[in-house]
Amino acid sequence: MKRKKNNVSISSSNKKTKSRDSELAQFLSPVGISLRQDRHCSSSDIDSIVRELSVKLLDTQARDNFFIMLQDYIDEVENLKVAMLPLVKEDSTTHFNSDSLIKILLRVPSISEQLTELLLEKLPLVAEDRTCNIAALTVSQLRWMNSLSYDVIITKLNEVLPVCPLPVQKEMISGLPEILPDEKHEEACELLLDHISTLDLVPCILETLSELSLSHKMLDKVHEAVEVQLCALSADSVPAALRFLLSTAPPDKAVSSIRQHIDFQSLCKSGEGMEAEELSMECLEQVLRFHNKIQKCWLSLLHSSSSLSVFDLLVYLILYRVNNKPKTVLSSIRFHLKEGTFNASLVQDLYRNHAKTAALFNSEQLKIAHSLLLSFPEHSLPSLLYLSVFTHGDLHAQQEVVGSLISHIGSGQSKEVDSGIRTLGLIKDSTDKSVDRFSSLLNGLLDYLNTLSIPQAREVLYLLVRISSAGSCRTVDDIHIITRKYLSHSSTKLRKLGIIGSCSLVQALSVESTDKAKTFISKVQESLSRAPELEALFYDELASCVGNGCVDRETVQLIYDTYVDKFQSDFVSREPVDSTSQVCDILCLEGADTLENDETGHISINLWNCVEAEDPTQLMVLCPLLRLVGTSLAILENSMEDIDSILGCYIRALPLDDIVTCERSTVGLLALINLVIEQINVFHVERRPSMRNKLVKRIKLLQELLGLLRKVPVVDDMVPMVFDLAEDLGANKSKKGQSSKSTLNDSAADVSKDMSLFDPTKTGTMKTSTQLDKSENDVEAGAAAVTKPKKHVSSWSSGVKFRGFIRELDIRTMAILNLSIESTLQSNESSAQSEVEPMSLGLPETCMMLEDLLSKCKFKLKPASVFSKPENSLGFSRVASLSETKFTQQILSILPALCQTMEDNVSQPKETSSDSQETSQNQSAMNSTLEEIAMLEDNPFGVKTFELVFSILELVFSWSGFATNSQISTECFSILASRTQNQTQGPLSVRRKHALHYLLNFEKSCQSFSSTINLLKCCSVISDSKDQRISDICKSCLQREWDITEDEKENKVRFNEGVGYLVRTFLSHSSENQGDLLDLLVEQLDVVVKKDEDVEKIFPTFTRATLPTIYKIVLTKLVEYQKSISSDKENGLDILTNCVGNFANLITYIKIIESRPLLRSALLYGQKFLESFLAIGLPLLSPMISDNYVEVQSILKKIQTSTRQLHHATTHSKSLKDIALTARVPLLKKFLEAFLLKVKAIFAHHGCTDAFWVGNLKQRNLKGEEIVSQQVEEEEEEEGDVDDLSELSIDTDDEDNNSRAAPDDENSDSMSIGY
C-alpha cells in the first residue's frame, strides 16, 4: 500500500511539473519564444521579446506566477542547461544570437534581481553534475549585463562561495571582472580578500585581482594580504604570485617581498613538483624580459644583499639571459664572489634540489663560469660550475664544457691554464667514464703541449693517459709519437716534455705488458745517458709514478732490480781509511748491522768525489735515483730492509767544521743537505727501533746543516735540484752579464723566476752574498765558533735563497712527528726488554719540521678569500701534485702529535723571572750547541712551537674546502675534542665547541705576542658565534706590556697589525654594549693623543706607533654601530649620540697629530660616517625636533665641529698636492654639502629657521691657519654678504662669529652651519 501511495504522489508531482512547464511555454509563446527539449527557439527580435516580457510582468501577481513557473522549470538540471544555451531561429539549427532564455529574462528589470539570486543559489546544488559546467554557463549569463543588481551578486556570492566546490569557486571568481563594473571592483576585492586564506584559490584570486581597477590604498592592502600568504603557498601557486606582485606592486617592494617570503628550496624539499618551479622561472623570465625597471631594481637589491639564496642564484641566471647588458649582471656576481656570499655550498644546494630547473640555464652558467675563471682562476667556484653543468647536463652541454676547458688550457695564461687542467681532472674524478667519450676531442690538448709549463704538461699527459685507459688506443699512440719526437729534440724543455710523456706511457704500457714497459724504459734511459739533469728528471718522474700506485707490480720489480744496481755501482763503495786525506768519513751512525769497518774498508757514499769533480752535475742524479730505489722497494715490501745500510753508512765529506770554509763549501753543503733530506724521505716508513733512531739522528743532522747555510755564500756553480722548469725559454733566461747571486736576490721578490735564472753549466768563483747574516770575520773564523744570534732565526729561512738547490721534504715525512708519542710508549712498556732505547725528536728538530709544514700549508691551502696571493711552486713540486683534500688528511694524521707537543710544553712549566723570559724571547738557540741550549733558563723553541702549530691550524681552518668537506672538519674537531677527555660523538657544532675549548686552554702557555695572536686567529676562525672568552683574552693581551722580539721590532707593521687584530676581535666577540666599548677605546686613544694624565692608561699597547691602525678600526666600528640604528630603533637616539660624540673626538686627532695615515682614515671613514648619518641619523632626528629640540641641537652641533674639521682636512690635502689624499676629497665634499642642505631643510620644515644660518667657511689647514689663494677685490660685496648673514641668527660659536663678521676672502663653495 505504501509503495502504491508513493507512486501516486510521484506521478502527481510530475504531472504538476509538466503542467507548469506547459504553462511557462504558453506564457512565453506569445512573445516569440518556443520551449523545446534540446534547444529553445525564438521567432522575433530579442529587444522586442524583452519589451513584451517587461510589459507582461509589470503586474505583481503575474510576475509571481511566472517566477514560480520558471523556478519549477529550472529545478531540472537539463532544463537549466538548455535555458542557458543560446536561442536559435525557428526551423533552423543556426544561432539567432548569443542571448539565452536566462540572459533575456535577466534583462527584464522586474525579475532580474530575483533571478540572479536564484541562479547563484542553484550553484551549490547543481555543481555535482559532471555533464556540463553549470558554473561556467552561469558566469556567461551574468557577464557584461548592465541591468543586474551588483550588490546582490556580491552579497550572494559571499554566502554561497564557501559551500561551493573548488571548481565552481574558481569559475565564479574568474568571472568577477567581467560581471561587475569598475565602481564595484573594490567591493569585489574585499570579497576576494576574505577568501584568500584558501590556498587553493590563491592563483585564481590573484589573477582576478590583477584585472580589477583598484585604488593605491586598496592595492597596498591587497599586497599586505598577499605577503602574508606567500610563505604558505604551494609550488603551483608561486607563478601567479610572482606575476601579480611584479605587475601591480612597486618594483622595490615586490622584489623585496618575493625574496623575503618565497622559499623555493623548502618547496622542493616538501615534495612539490618541479614543473611548477619551471613555470615560475618561465613566468619570471617573461616579466623581467619586458620590464627594464624591474630588472634594474632586482639587480640592485641582489647586489646590495648580504646573503644569497638558491632563488637569488636562479634570478641571476635569468637576468644574465634577458639583460641587454649582461656585463652588469656579471659584475654583481663577481662582487658576491669576492664577498664570499656566492660560494660552493650555494651551487651545491642549487643542483641538489633544483637540478632540472638549473639545466634550463646551462648556456648562461657556462658563460658565467668562463668569465669567472678568467677573473678568478684560483677560485674553486668556476670549476664547480663546470662540473655541475657537465654532471647534470645533456650530451650537448657536456661537449660545450669540454670545449670551453680546452680553450682555457690552450689560452697561454698560466693561471687560466692551471684552473682549466684542475677542472678537467675534477670532472674526470667525479664523473668516472662520462668524459671518456670525448677522448678524441681531448687529444687536441697535445697540440698545446709545447706552450705549457712542465708541471702543466705533466698533469695534461697523465690525465690523457687516465682517459685512454678506458679503451682509447689512439690517445696512447698519439702520446707515443709526440714523446719520441720530443726526446730527440735539441730543446731542453721539449726533451723534458718527452720525459714526462715517457713516464706517463710507462704507466699505460705496464697495464698491457711488462716487456713493453721494460723495452721502453731502456730506450728512454739510453737517450738520456749524457744529460744528468734530464736523467734526474726521469728518475724523479718515474719515482712519482711508482709511488702513486699507477704502475703494475711486475714493472715496479723490474725498475727496482735495474736501478738499485745502478745506484750501488755509481755512488756506493768500500774504501779503506786514509789518515792522510783531508776528506774524512763523517756521520757514522751506530749500528753494526749496517757498518763494516775492517782492513778492506767500510761502506760509504762517495759524495765528495762528485763535489770535487770537474762537472759536479752528477750530483743531480744521486738523490732522484735514491728516491726511485726507495719508492720502488716501499711499494714491493713496505720496508727498507734491503737497502737499510744506506741510512747508516758513512758519507765521504769534509768535517762540518771545515765544510763552510773550503773552496766548494756551498756546493758540498747543499749536496750533503740534499742527501740527508732524501734519506729521510726514503726511510720515514721504517718502524724498527734501530732504524728509527738513525732516522732521528738524520733529522737532527739536517737541522744542524741548515743552520750552516747561513755561513756559506751564493756561487755560480751550484747544482739545481728542481728539474721541471723550462730553462731554455727566451722569456725566462737571465739577462746577459747577470750573475746567479743577483738573480737570487731578485727572487726574494719574485720567487716564481728563481730557477729560470740559473745556468748550471757556468763555473765561477765564490761571491759573498749580501744577504748573509754573519760578517766576513765570522765566516773566516769557521764553523767551530758558534754564536748565539740576537733573534730567532728559522731553520728553513737560511735556505730560502737556496730553494731551487735543496730537495723537497716529502709531506709524508711529517709522520715522523708521531715518533715522540710512540717512543714514549715504547720506552715505558719495553725499556727492559729492548736493547735499543728509542729516541725522540727534540724541540729544535720539531720546530724545523713544523716550519717546513707551515710553508707547505701556505702554498697548498688557499683561504676562502679569492685575493690571497699565490705562493711560488718552486720547491713544492711534490705538494703541488697532491689534492688539497689529501694534503689536509696528511696533516690530520699528525694532529695528535702536534697536540701532544704543545701539551708537553704546558706540562713542564718553568718559573722564570721577567728578565730570563725576555732573554729567552730575544735569543735563539737555532744554531747553538746542545750544551748552550741546556744552559738557557727557558727554551725559546717551546714558545715557537705554539706559534707554528697555531699557524698551521689556522691555515687548515681557513682553507676554503674545510667548511664544505664535512668529513675532514668532523675528523679534525673530533681529534681536538678527544684531547679534553670529552666525547667525540655528536653533531658537528658540539665537537666544534669542545675543540675551541681545548685550544683556548693554551692561552696562558703562549708567552710571546706572535703565539698569542696565532692562537686567537685560530680560535676566531672556528668560532661560529660571539665568544666572551676570546674577547677577554684580547683585552688581557691589550693590557700587557709585551717584550717584543728583535724580529718584531724590525717589522713594526707586523706588531701594529697584531694590535689592530686584537682590537677588532675584542669588539666583535665581546658581549658588552658596543657603545661602552667604543667609549673605552676612544678614551684610551685620548690618553695617547692628548696625553691626558687624569685618565688611567689601561692599554699599554696603545701607543703613537699603533695609533693609525687602531684609529682606522675604531672609525670602521663607529660606522657599523651607527648603521645598527635601523635594527634597534628603540635605542636609536642613544646610539646616535654615542657615535657622533666619539666621531667628533676622533676627528680632532688630525689637528693634534700630523700623520698621513690618520688623515687618510679621517677622509675615508668621515665620508662613510656622513653617508650613514644622512641615511639613518637625520631621518631619526627630524621627528624629534619638536619634542627633544635641545638634544637634537646638541647632536648637530657636535657633528658640525667634525664637518668643519673635515673641510679643513680637504683643503690641507689639496695644498699638499697629495694625489692619494686628494682622490678622497670630491666624494667627501659631496656629503658635506648634502649634510648642509638636508639640515637646513629639516629646520625649515619645523619652522626653526632662526636656529640655522649659512656662511662661507674660511679655508684653513689642519693647524687652523688661513690659506689665502686669491685676493678679494670688492670689499663692498663682502660687507653686503655680512649683512645678509647677520639677519639669519645670532651665533654662539666664536669661530663662526669670526667667520660671519669677516667672511672669507675666498668665496668657497663649502659652507658651514651655526646654531
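Further up the page is the structure itself.
If you're wondering where the values come from, they're calculated on a predicted model, not measured in any experiment.

Visitor: Tell me about the overall build of the chain, and please be specific about residues and values.
Guide: When helices and strands are tallied, the chain shows 64 helices and 10 strands. Taking all 1315 residues of the chain together, 54% fall into the buried category. In the chain, the proportion of contacts linking residues at least 24 apart, taken out of those at least 6 apart, comes to 76%.

Visitor: Explain the pattern of salt bridges to me, and be specific about the residues and the numbers.
Guide: On inspection of all chains with the given rule, the structure shows 28 salt bridges. With a shortest N-O distance of 3.1 Å, Lys221 and Glu190 are connected by a salt bridge. Taken together, the residues Lys221 in helix H12 (residues 216–230) and Glu190 in helix H10 (residues 185–194) connect sequence positions 31 residues apart. For Lys221, a relative accessible area of 39% translates into the label partly exposed. Exposure remark for Glu190: the relative accessible area of 29% places this residue in the partly exposed category. Here Glu285 makes a salt bridge to Arg289, at a shortest N to O gap of 2.7 Å. Of the two residues, Glu285 and Arg289 are both situated in helix H16 (residues 274–289); the distance of 4 residues between them amounts to about one turn of the helix. Residue classification places Glu285 among the buried positions, given a relative accessible area of 14%. Through salt bridges with shared partners, a single ionic network connects Asp540, Arg627, Glu678, Arg807, Asp810, Arg812 and Arg878.

Visitor: Requested: an account of the packing of aromatic side chains, with residues and values cited.
Guide: Applying the stated criterion across every chain yields a total of 18 aromatic pairs. On the numbers, 5.0 Å between centres and 10 degrees between planes, the contact of Phe859 with Phe876 is stacked. With Phe859 in helix H42 (residues 843–860) and Phe876 in the loop between H42 and helix H43 (877–880), this pair connects stretches of sequence that are 17 residues apart. Across the pair, exposure class does not vary: Phe859 and Phe876 are buried alike. Site record: aromatic cluster; members linked through ring pairs are Phe946, Phe950, Tyr998 and Phe1002. The residue whose ring lies beneath Lys1017 is Tyr1061, and the NZ or CZ to ring-centre distance is 5.6 Å. Directly above the ring of Phe1231 sits Lys1230, whose terminal nitrogen or CZ lies 5.8 Å from the centroid.

Visitor: So what's going on with the packing of helix H31 (residues 532–547) against helix H32 (residues 553–571)? Which residues, and what values?
Guide: One way to put it is that H31 packs onto H32 with a least axis distance of 12 Å and a crossing angle of 145 degrees. As H31 packs across H32, the resulting crossing turns out to be left-handed. Here H31 contributes Glu535, Phe538, Tyr539, Leu542 and Val546 to the contact with H32, which in turn contributes Val556, Ile559, Tyr563 and Lys566. Among the residues forming the contact of H31 with H32, the class breakdown is 7 nonpolar, no polar and 2 charged.

Visitor: Which residues make up the environment of Thr1012, and what values do they have?
Guide: The topology assignment puts Thr1012 in helix H51 (residues 1009–1022). As for Thr1012 and Val943, which are separated by 69 residues in sequence, their C-alpha atoms are 10.0 Å apart.

Visitor: Break down the side chain of Ser1020 for me, citing the residues and quoting the values.
Guide: With respect to the helices and strands, Ser1020 occurs in helix H51. Within the structure, Ser1020 has its side chain in polar contact with the backbone oxygen of Leu1016 (distance 2.8 Å). A distance of 3.2 Å separates the side chain of Ser1020 from the side chain of Tyr1061, its partner in a polar contact. Dropping the residues within four chain positions of it, Ser1020 is found in contact with Ile1030, Tyr1061, Thr1065 and His1069.

Visitor: How would you sum up a positive patch on the surface? Please name residues and give values.
Guide: Taken together, the side chains of Arg1064, Lys1112, Lys1123, Arg1160, Lys1168 and Arg1224 define a basic patch exposed on the protein surface. Only helix H56 (1107–1123) and helix H59 (1156–1181) provide two or more residues apiece to the positive patch. Of note, Lys1112 is situated in helix H56. Among the residues examined, Lys1112 registers a relative accessible area of 40% and is labelled partly exposed.

Visitor: Could you give an account of the packing of helix H18 (residues 310–322) against helix H20 (residues 344–353), with specific residues and numbers?
Guide: For the pair H18 and H20, interaxial distance at closest approach is 9 Å and the crossing angle is 85 degrees. With respect to H20, the element H18 is oriented roughly perpendicular. Listed contacts from H20 to Val310, Leu313 and Leu314 of H18 are Leu346, Val347, Asp349 and Leu350. Residues of the contact of H18 with H20, tallied by class, amount to 6 nonpolar, no polar and 1 charged.

Visitor: Kindly report on the environment of Ile102, identifying the contributing residues and their values.
Guide: For Ile102, the position within the fold is in helix H5 (residues 101–106). Given a relative accessible area of 0%, Ile102 falls into the buried group. Discounting chain neighbours no more than four positions away, the residues touching Ile102 are Ile74, Ala83, Met84, Leu115, Leu119 and Gln141.

Visitor: Please provide a residue-by-residue account of the state of the cysteines, values included.
Guide: On inspection of all chains with the given rule, the structure shows 0 disulfides. Left without a disulfide partner, Cys545 is nearest to the cysteine sulfur of Cys550, which lies 5.2 Å away.

Visitor: If you had to explain helix H24 (residues 395–409) to someone new, which residues and values would you point to?
Guide: The terminal C-alpha atoms of H24 lie 21 Å apart, and with 15 residues this matches the ideal 21 Å at 1.5 Å per residue to within 8%. Turning to H24, its buried residues are Ala397, Gln398, Val401, Val402, Ser404, Leu405, Ile406, His408 and Ile409. Buried residues along H24 sit in contact with helix H22 (362–375), helix H23 (381–392), helix H25 (414–431), helix H26 (439–442) and helix H27 (454–468).

Parameters and conventions
Residues numbered from 1 in each chain as written. Predicted model: local features only at pLDDT ≥ 70, side-chain atom pairs only at ≥ 80, totals over all residues. Heavy atoms only, no water. Helix = DSSP H or I, 4+ residues; strand = E, 2+ residues; numbered from the N terminus. Buried < 20%, exposed > 50% of the residue type's maximum accessible area, 1.4 Å probe, protein only. Contact = heavy atoms within 4.5 Å. Salt bridge = Lys/Arg side-chain N within 4 Å of Asp/Glu carboxyl O. Phe/Tyr/Trp six-rings, centres within 6.5 Å; stacked < 30°, edge-to-face > 60°. Lys NZ or Arg CZ within 6 Å of the ring centre and 35° of its normal. Axes fitted to C-alpha atoms, helices over the stretch in contact; angles between N-to-C directions. Left-handed = near helix turned anticlockwise from the far one by under 90°. Nonpolar A, V, L, I, M, F, W, Y, C, P; charged D, E, K, R; others polar. Polar contact = N/O pair within 3.5 Å; in protein donor to acceptor, adjacent residues only side chain to side chain. Patch = residues over 30% accessible without salt bridge, like charges linked within 9 Å, V, L, I, M, F, W, Y side chains within 5 Å. Areas by Shrake-Rupley, 256 points an atom, 1.4 Å probe, with all protein chains shown as cover. Lys, Arg positive; Asp, Glu negative; His and termini not counted. Charge placed at Lys NZ, Arg CZ, Asp CG, Glu CD. Parallel < 35°, antiparallel > 145°, perpendicular 65-115°, else oblique. Disulfide = S-S within 2.5 Å. Expected span 1.5 Å × (residues − 1).

Keep in mind these numbers describe shape, not what the thing actually does.
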